[in-house]
Amino acid sequence: MKKNREDMTVRELEAEVRKHNRLYFLEHKPVISDEEFDRLVEILREKAPNSPALTELVSDVRATGVKVRHETPMLSLDKCYDEKSLVDWASKFEGDVIASPKIDGVAVSLRYDRDGRLVQAATRGDGVEGEDITPNARRVHSIPQDAKSLAKKGKIEVRGEVYMPLSVFARYKGEFANPRNLAAGAVKQKDPAKTADYNLSFFAYDLLGTDVATEDEKLKRLAAADFPTFEWKKLGREQMQSAFEYFIKRRDKYDFETDGVVYKANSVAEQKRLGATSHHPRFGIAYKFQGDSGVTTLIDVEWSVARTGAITPVAIVEPVELSGAMVRRASLHNMGYVRKLGLTKGAKVLMMRRGGVIPNLESVTEPGKGKIDIPRACPSCGAPTREEEDFLYCTNAKSCVRSKIAELEHFVKTVGIDGFGDKLLEQLYESGIVTDASEFYELTMDDLMQMERMGETLAAKLLKNVESSRSIPLSVFLQSLGIRELGRHAAKILAGFGTLKKVTALTEEELSQVHTIGEVIAHEVVEGLKKKKPLIDKLLRHVRIEKEEAPARGGRLGGKSFLFTGVMLAMKREEAQGLVEEQGGVAALSVNKDLDYLVVGDGGGAGSKLAKAKKLAASGGKVKIIEESEFLKMIKL
Ligand code: IVH
């Protein structure tokens with residue numbers, strides 16, 4: 001039978017304490033509750049206040065690499081890069097906000113026992129389990145080894161950041177990429193003496209295990225107990241952005257690297273109410289000075305023409321994830337920047353999302369082999385280019401860019417993608433994000449968010465509009481290509497051939513034989529389709545072409561063809577053409593021997609078409625010349 005604890009000898013009690021410590025800290029299989037363990041320690045303390053088992057540190061006898069399970073998970077903070085997101089975050093809770101600089105170091109958890117002794121230090125690890133670094137933490141001079149005033153007979157945990165001061169890092173510059181990496185390595189040394197040599201420092205940012213009601217109070221208590229704390233501010237909502245700017249200005253004055261500002265709800269009750277996602281607590285957010293950076297490979301440089309005629313280089317890179325978004329391209333600003341960076345194809349380049357949003361190619365970390373040519377001809381219109389200091393210009397600026405933007409406009413209008421007005425198209429084109437119609441389908445939220453006056457709601461709507469036009473009827477697709485003479489009616493006729501493949505295989509000769517299509521149109525269309533082959537191929541990677549019903553040959557108008565001339569009074573010409581098609585007729589494009597009816601509008605103004613039709617009729621052609629009113633009767637209006 002097991003002995004009652006009260007009846008145990010000191011030796012037995014010591015063995016029990018050590019056993020449960022081992023089960024808890026080393027094997028992560030506690031078999032008694034925390035309260036029971038506390039009682040056990042209490043009994044031993046009464047019987048043998050100086051027992052080594054009470055002060056012995058489990059961690060001191062452990063090898064590095066030992067895992068420690070966090071009592072409360074150590075989550076990381078969500079990030080944001082603009083004021084709007086910060087304000088959105090703060091709208092979810094009541095009360096003040098605490099702001100402090102975000103220190104770029106290594107998160108650690110420090111546990112103090114009820115007598116205020118530091119008993120365990122651990123890294124964050126994966127947030128659930130970290131690595132034991134107790135002996136090392138004892139050698140970080142700014143980590144208090146006791147916290148008596150805070151513990152007050154209860155266990156506490158202090159969380160904070162171990163970092164390498166910039167003044168210390170200066171000695172290692174060149175050897176290490178940044179102070180954070182060096183601090184991370186230094187804190188995990190096998191030999192604690194080595195950790196000591198690195199002169200690490202510590203800042204506390206959280207106190208667990210007390211009933212303090214606010215963050216402000218926690219920080220005050222930590223500071224009073226000799227825990228180093230950073231500069232912090234208690235703010236009302238309207239002061240959040242100005243505090244951000246304040247900390248940006250203070251950046252150079254700190255002896256540590258800071259990459260943003262941390263905001264937290266001040267009220268602990270509100271923090272509890274908010275809860276957490278699987279990665280981040282909702283009570284806090286890190287507003288970063290700038291986006292993440294990463295190294296990737298430069299594939300090529302494309303050149304896009306602005307309305308001003310300036311030809312801007314755009315870097316096309318191997319996709320790299322930065323601040324949560326895939327980055328594939330970045331403006332290179334001007335030709336001078338390409339030269340200054342010494343860019344080459346295949347180079348390893350450092351990309352950064354400035355202000356957290358706009359991707360920027362910062363520098364070359366390793367040159368590549370491919371030369372980058374500065375274009376001698378405008379990539380848009382082929383006109384010669386001209387260099388002026390850092391800039392490259394198209395010598396035919398005006399007509400060149402407007403025509404490109406007009407092409408994009410024609411595409412969105414034809415396929416029915418709403419919301420892309422002239423200004424937006426201009427920005428998208430000039431930034432090199434949408435340079436042809438296929439690139440609408442590659443747009444991302446981040447691309448759109450770079451545009452002026454763009455909010456998330458609008459951007460999401462635009463993307464939705466693009467999404468809903470991934471299935472396009474063949475005639476609409478053909479018309480959207482912006483080929484001369486390939487308007488709505490020619491497109492309808494072409495769609496009658498059934499598939500895009502059949503349409504693009506048509507020769508000029510075959511097409512000119514088609515009812516109502518003459519030689520001129522056939523020539524333009526066949527040539528145009530050839531020229532647009534690269535665009536067609538690119539579009540086909542994103543859109544599906546819907547087969548169309550062949551125009552009904554039956555119906556009231558029984559396949560007869562109609563051409564309109566002069567001003568119609570009852571309706572617009574386009575409406576009349578639509579009605580013809582609806583009722584099984586064909587809206588013809590020109591006067592030729594196949595034309596059945598030429599409709600003369602009641603508003604006058606009939607010209608060459610009428611003359612031509614009269615001539616045809618006189619020479620025995622089948623064409624009938626009818627008035628608008630007669631046409632209306634035919635379609636029963
Ligand atoms: S408050 C959920 N304040 O950044 C933890 N953390 O990504 C809230 N950090 O885990 C911590 N400076 O390691 C807080 N002034 C600061 C901080 C700070 C750096 C670290 C900390 C945290 C991580 C969040």
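Residues numbered from 1 in each chain as written. Predicted model: local features only at pLDDT ≥ 70, side-chain atom pairs only at ≥ 80, totals over all residues. Heavy atoms only, no water.

Time to look at the overall build of the protein. If you tally the helices and strands in the protein, you get 26 helices and 24 strands. Principal axes of the C-alpha set define a box for the protein whose edges measure 130 × 60 × 45 Å. Considering the protein as a whole, with its 637 residues, one finds that 48% of them fall into the buried category. Restricting to contacts in the protein with at least 6 residues of sequence separation, those with at least 24 account for 69%. (Helix = DSSP H or I, 4+ residues; strand = E, 2+ residues; numbered from the N terminus. Buried < 20%, exposed > 50% of the residue type's maximum accessible area, 1.4 Å probe, protein only. Contact = heavy atoms within 4.5 Å.)

As a matter of local geometry, the ligand sits amid 15 residues, with Pro 101, Ile 103, Arg 124, Glu 161 and Tyr 205 nearest to it. Here Pro 101 contributes a backbone N or O atom positioned 2.8 Å from a nitrogen atom of the ligand. Burial of the ligand by the surrounding chains reaches 93%, relative to a free accessible area of 500 Å². Of all the secondary structure elements, the ones that give two or more residues to the shell around the ligand are β3 (97–103) and β10 (258–265). With four residues, the top contributor of residues to the shell around the ligand is β3. Of the residues assigned to the shell around the ligand, the class counts are nine nonpolar, two polar and four charged. (Near = heavy atom within 4 Å. Polar contact = N/O pair within 3.5 Å; in protein donor to acceptor, adjacent residues only side chain to side chain. Areas by Shrake-Rupley, 256 points an atom, 1.4 Å probe, with all protein chains shown as cover. Nonpolar A, V, L, I, M, F, W, Y, C, P; charged D, E, K, R; others polar.)

Examined against the element boundaries, Pro 228 turns out to sit in the loop between α10 (215–224) and β9 (233–235). According to the relative accessible area criterion, Pro 228 is partly exposed, its value standing at 23%. Taking the C-alpha atoms as reference, Pro 228 lies 100 Å from Gly 621; in sequence the two are 393 residues apart. The contacts of Pro 228, once residues within four sequence positions are left out, are Ser 142, Phe 202, Phe 203 and Ala 204.

With that settled, consider the sheet that holds β3. If you walk across this open sheet you meet the five strands as β2-β11-β10-β3-β9, and the pairing is mixed. Lying at the two open borders of the sheet, with one neighbouring strand each, are β2 (78–80) and β9. Shown here is a sheet whose adjacent strand axes are inclined to one another by a mean of 35°, direction ignored. Here β3 pairs with β10 via seven bridges, running antiparallel. Bridge pairing in β10 places Ala 99 opposite Tyr 263. Against the sheet, helix α4 (residues 83–90) touches β2, β3, β10 and β11 (284–288), its axis set at about 170° to β11. Of the strands in this sheet, β3, β9 and β10 touch α10, which is tilted by about 55° from β3. (Pairing = 2+ DSSP bridges. Axes fitted to C-alpha atoms, helices over the stretch in contact; angles between N-to-C directions.)

The subject of this paragraph is the side chain of Thr 385. One can find Thr 385 in strand β17 (residues 385–388). Only 2.9 Å separates the side chain of Thr 385 from the backbone oxygen of Pro 375, close enough to count as a polar contact. Filtering out sequence-adjacent residues up to four positions away, Thr 385 remains in contact with Ile 311, Pro 375, Arg 376, Ala 377, Cys 378, Leu 392, Tyr 393 and Thr 395.

This paragraph deals with the pairing of strand β21 (residues 561–565). Among the five residues in β21, five count as buried, and that is most of the element. The alternating pattern of β21 places Ser 561, Leu 563 and Thr 565 on one face and Phe 562 and Phe 564 on the opposite face, and all of these are buried. As paired elements, β21 and strand β22 (residues 586–587) share two bridges and run parallel to each other. Residue Phe 562 lies in a different strand from β22, and its bridge partner there is Ala 587. For the segment spanning β21, helix α24 (residues 573–582) and β22, crossover handedness is right-handed. Where β21 meets strand β23 (residues 597–600), four bridges bridge the pair, whose relative direction is parallel. The partner of Phe 564 across the bridge, within β23, is Val 599. (Right-handed = clockwise from strand over helix to strand, strands pointing away.)

In the contact formed by helix α19 (residues 488–495) and α24, the axes pass within 11 Å of each other and the chain directions differ by 15°. Taken together, α19 and α24 sit at an angle that is classed as roughly parallel. α24 is crossed by α19, and the crossing has right-handed handedness. Judged by residue contacts, Arg 488, His 489 and Lys 492 of α19 engage Glu 574, Gln 577, Gly 578 and Glu 581 from α24. Counted by class, the contact of α19 with α24 contains no nonpolar, three polar and four charged residues. (Parallel < 35°, antiparallel > 145°, perpendicular 65-115°, else oblique. Left-handed = near helix turned anticlockwise from the far one by under 90°.)

So, on to the pattern of salt bridges. Side chains that differ in sign of charge can pair as their charged atoms come close. Under the definition given, this model contains 33 salt bridges. With its nearest N and O atoms 3.1 Å apart, the salt bridge here joins Glu 215 to Lys 264. Taken together, the residues span a long stretch of sequence, with Glu 215 in helix α10 and Lys 264 in strand β10 at a distance of 49 residues. Considered together, Glu 215 and Lys 264 belong to a single accessibility category, that of buried residues. When the shortest N-O distance is used, the salt bridge between Lys 404 and Glu 407 registers 4.0 Å. (Salt bridge = Lys/Arg side-chain N within 4 Å of Asp/Glu carboxyl O.)

Moving on, we get to the nonpolar core. If you look at the biggest cluster of nonpolar residues, it comprises 80 residues, and the most contacted ones within it are Leu 343, Phe 420, Phe 440 and Tyr 441. The greatest single-element share of this core, amounting to seven residues, is contributed by helix α14 (residues 397–415). With near-sequence residues (within four places) excluded, Tyr 441 lies in contact with Phe 411, Val 415, Ile 417, Val 466, Ser 469, Arg 470, Ile 472, Leu 539, His 542 and Val 543. By size, the runner-up hydrophobic cluster in this structure holds 60 residues, among which are Ala 147, Val 187, Tyr 254 and Val 261. (Core = buried A, V, L, I, M, F, W, Y, C linked by side-chain atoms within 4.5 Å.)

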